[in-house]
Amino acid sequence: MFYEFDDEALSISVDEINKSIFTAGIINSRELAEGYKKFALSTQAVENIKGDLSVTSPAVEEYGQYRCANIFCEDYSFSLFVKSRLVIIVISSDVKNIVRDIFLKTVSKANCESIDENEFIEMLFVELICERRLLINNIKTRLEETEERILIKNTQESFNRELFEIKKELLEIRSFFEGIIDICDYFGRYDSDAFSICTSKAQRLKESAELLYQTAVQLWDCCQANTDMKLNSSMKTLTLVTTIFFPVTIIVGWYGMNFSSMPEISWRYGYIYVIALTVFVIGLVMAVFKRRKWF
């Protein structure tokens, strides 16, 4: 899918690309492998985008006359090949068609009479940043709901998995914006004005992601502290119950020996006496605990 920007954006085929008119296109890695020679791209460029971009590729590379930017996040990954009057987006993964939709939105907003490669990339990056901003706002809402359940409602739910996923998403978003900033700094050498807005927006959203990450860490610690407090409370209750009935255990063991010399064995009120002694000891221990405010 290629568009030629003359008086208007016209859909053209690869064979119709005019080197004197700015053109932007979006293809997948298979289409690039089949037709990379038409774009005068090296085989090394094709090989480098076949793997996982998040693992194998730096943010910016150069292949002869092309400048290449690699952009990746959890939802998509693609390479951006740029040279004079030509921009090619090569999608490695885009299950939700996010990149394709953003590309078409950028094409629809472009001023066809004055657009060039730098302005098109800047507009594309602004749309990418806006898409990530919505994700940050969604994570912020999720964190606020989680915080309410932990601190206000004090529910018994387990938040470890949820907070772990949020932290993972925020780290991925921060990495995304770091890549955008690096790419903008690189392309800014050719047109600093066109990429200054992208750089500032990406920097602000990166800082927002870092703040939300710190919030998630604090909630994680709070969740762990609440869990520890509940465990300590349970252990305290168990300890108090054990301590209260410990003297009773001694009495049971003592009178369970049944020696013939024990006077209570033949005493008429021996049974009542042991019951009264047990109740007295339990009451005494509970009174001591209550006086010391142990419960």
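Everything that follows concerns the structure shown earlier in this document.
Below is a short write-up of the structure. (Residues numbered from 1 in each chain as written. Predicted model: local features only at pLDDT ≥ 70, side-chain atom pairs only at ≥ 80, totals over all residues. Heavy atoms only, no water.)

Some points on the environment of Asp-75
Turning to step 1, where the next piece is worked out: With respect to the element layout, Asp-75 can be found in the loop between strand E5 (66-72) and strand E6 (76-83).
Turning to step 2, where the next piece is worked out: Considering only alpha carbons, one finds Asp-75 and Phe-187, 112 residues apart in sequence, at a separation of 24 Å.
Turning to step 3, where the next piece is worked out: Of the polar contacts made by the side chain of Asp-75, one reaches the side chain of Arg-132; its length is 2.8 Å. (Helix = DSSP H or I, 4+ residues; strand = E, 2+ residues; numbered from the N terminus. Polar contact = N/O pair within 3.5 Å; in protein donor to acceptor, adjacent residues only side chain to side chain.)

Digging into the pairing of strand E2 (residues 9-12)
Turning to step 1, where the next piece is worked out: As paired strands, strand E1 (residues 2-5) and E2 are joined by four bridges and run antiparallel to one another. Opposite Phe-2, over in E2, you have Ile-12 as the bridge partner.
Turning to step 2, where the next piece is worked out: Between E1 and the antiparallel strand that follows it, E2, lie three residues. (Pairing = 2+ DSSP bridges.)

Some remarks on the sheet that holds strand E3 (residues 23-28)
Strand pairing within a sheet occurs via backbone hydrogen bonds; the two strands may be parallel or antiparallel.
Turning to step 1, where the next piece is worked out: The strand order across the open sheet built from seven strands is E2-E1-E3-E7-E6-E5-E4, with neighbouring strands paired in mixed fashion. Single-partner strands in this sheet number two, and they are E2 and strand E4 (60-63). Across the sheet, the mean angle separating the axes of adjacent strands is 20° when strand polarity is ignored.
Turning to step 2, where the next piece is worked out: In terms of strand pairing, E1 meets E3 through three bridges, oriented antiparallel. Considered in E3, the bridge of Tyr-3 is made with Ala-24.
Turning to step 3, where the next piece is worked out: Contacting E1, E2, E3, E6 and strand E7 (86-94), helix H4 (residues 98-109) crosses the sheet at an angle of about 155° to E7.
Turning to step 4, where the next piece is worked out: Set on the sheet, helix H6 (residues 160-187) makes contact with E4, E5 and E6; between it and E5 the angle comes to about 165°. (Axes fitted to C-alpha atoms, helices over the stretch in contact; angles between N-to-C directions. Contact = heavy atoms within 4.5 Å.)

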